[in-house]
Amino acid sequence: MAISRREIGIRFAPPKTDETRNDVKAQISTKAEELALLIHDLVPGCREESQAIKGIEIAVQWAHDAVDRRLVLPGEHAGAPDIPTSDGGPALAGKDV
């Protein structure tokens, strides 16, 4: 399936940094750190331990991206950001051109 202009707009929009989203991302990071420390304490220091912790880092990155891109808070509009057209003018959000 081809990627849409709307999806590109969502993926490359500046991250939202309001207090609610930051709180959600902090909770995710705290739990991820707990898991990483558990793995560090229980698994022998080796390549597999490093890969396990790297996997947690990647999961946190994607979770934070989802919070920034997809979390719709009460009072927010769920549409995509305005995406400029090739002539520089705004396109309709969600319109694939």
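Residues numbered from 1 in each chain as written. Predicted model: local features only at pLDDT ≥ 70, side-chain atom pairs only at ≥ 80, totals over all residues. Heavy atoms only, no water.

Engineer: Help me understand the confidence of the model for the protein, please; the structure alone is not making it clear to me.
Structural biologist: Do not read the fine detail of predicted coordinates wherever pLDDT is low. Per-residue confidence for the protein gives a mean pLDDT of 83, with 79% of residues at or over 70. Confidence drops under a pLDDT of 50 for residues 92-97, and excluding neighbours within four residues, the segment shows 10 contacts in the predicted structure. (pLDDT = per-residue confidence, 0-100. Contact = heavy atoms within 4.5 Å.)

Engineer: I'm lost on the environment of Ala36 in this one. Help?
Structural biologist: Here Ala36 lies in helix H2 (residues 19-42). In this structure, the C-alpha to C-alpha distance between Ala36 and Gly55, residues 19 residues apart in sequence, is 9.6 Å. Setting aside residues no more than four positions away along its own chain, Ala36 makes contact with Ile53 and Ile56. (Helix = DSSP H or I, 4+ residues; strand = E, 2+ residues; numbered from the N terminus.)

Engineer: Hey, could you run me through the nonpolar core in this one?
Structural biologist: If you look at soluble globular proteins, the nonpolar side chains tend to sit buried side by side. Within the largest apolar cluster, five residues are counted, these being Ala32, Ala36, Ile39, Ile56 and Val60. The set of elements that each furnish at least two residues to this core consists of H2 and helix H3 (47-70). With three residues, H2 is the largest single contributor of residues to this core. Setting aside residues up to four positions removed in sequence, Ile56 forms contacts with Ala32, Leu35, Ala36 and Ile39. (Core = buried A, V, L, I, M, F, W, Y, C linked by side-chain atoms within 4.5 Å. Buried < 20%, exposed > 50% of the residue type's maximum accessible area, 1.4 Å probe, protein only.)

Engineer: Would you explain H3 in this entry?
Structural biologist: The α-helix winds at 3.6 residues per turn, so residues separated by three or four positions along the chain end up facing the same way. Between its first and last C-alpha atoms H3 spans 34 Å; for 24 residues at 1.5 Å apiece the expected length is 34 Å, and the two agree. Looking at the buried residues of H3, the elements they touch are H2. (Expected span 1.5 Å × (residues − 1).)

Engineer: In this structure, what is going on with a nonpolar patch on the surface? I would like to understand it.
Structural biologist: Judged by side-chain polarity, Leu35, Leu38, Leu42 and Val43 come together as a nonpolar surface patch covering roughly 360 Å² of accessible area. Within the fold, Leu38 resides in helix H2. By relative accessible area, which is 45% here, Leu38 ends up partly exposed. (Patch = residues over 30% accessible without salt bridge, like charges linked within 9 Å, V, L, I, M, F, W, Y side chains within 5 Å. Areas by Shrake-Rupley, 256 points an atom, 1.4 Å probe, with all protein chains shown as cover. Salt bridge = Lys/Arg side-chain N within 4 Å of Asp/Glu carboxyl O.)

Engineer: Could you clarify how one ought to interpret the pattern of salt bridges in this entry?
Structural biologist: Side chains that differ in charge, positive against negative, can pair when their charged atoms come close. Tallied over the entire structure, the rule returns six salt bridges. A salt bridge links Glu34 to Lys31; the shortest N-O distance between them is 3.9 Å. Here Lys31 and Glu34 lie together in helix H2, a separation of three residues that amounts to about one turn. Under the relative-accessibility criterion, Lys31 is labelled exposed at 55%. If you follow the salt bridges from partner to partner, you end up with Asp18, Arg21 and Glu76 in one network.

Engineer: Please clarify how the packing of H2 against H3 should be interpreted in this entry.
Structural biologist: Axis angle and axis distance: for two packed helices, these are the angle between their axes and the distance between the axes, and together they describe the pair. It is the contact of H2 with H3, at a shortest axis distance of 10 Å, that shows an interaxial angle of 170°. Taken together, the axes of H2 and H3 are roughly antiparallel relative to one another. Residues Arg21, Val24, Lys25, Ile28, Ser29, Ala32, Leu35, Ala36, Ile39 and His40 of H2 lie in contact with H3, whose contacting residues are Glu49, Ala52, Ile53, Ile56, Val60, Ala63, His64, Val67 and Asp68. Residues of the contact of H2 with H3, tallied by class, amount to 12 nonpolar, three polar and four charged. (Axes fitted to C-alpha atoms, helices over the stretch in contact; angles between N-to-C directions. Parallel < 35°, antiparallel > 145°, perpendicular 65-115°, else oblique. Nonpolar A, V, L, I, M, F, W, Y, C, P; charged D, E, K, R; others polar.)

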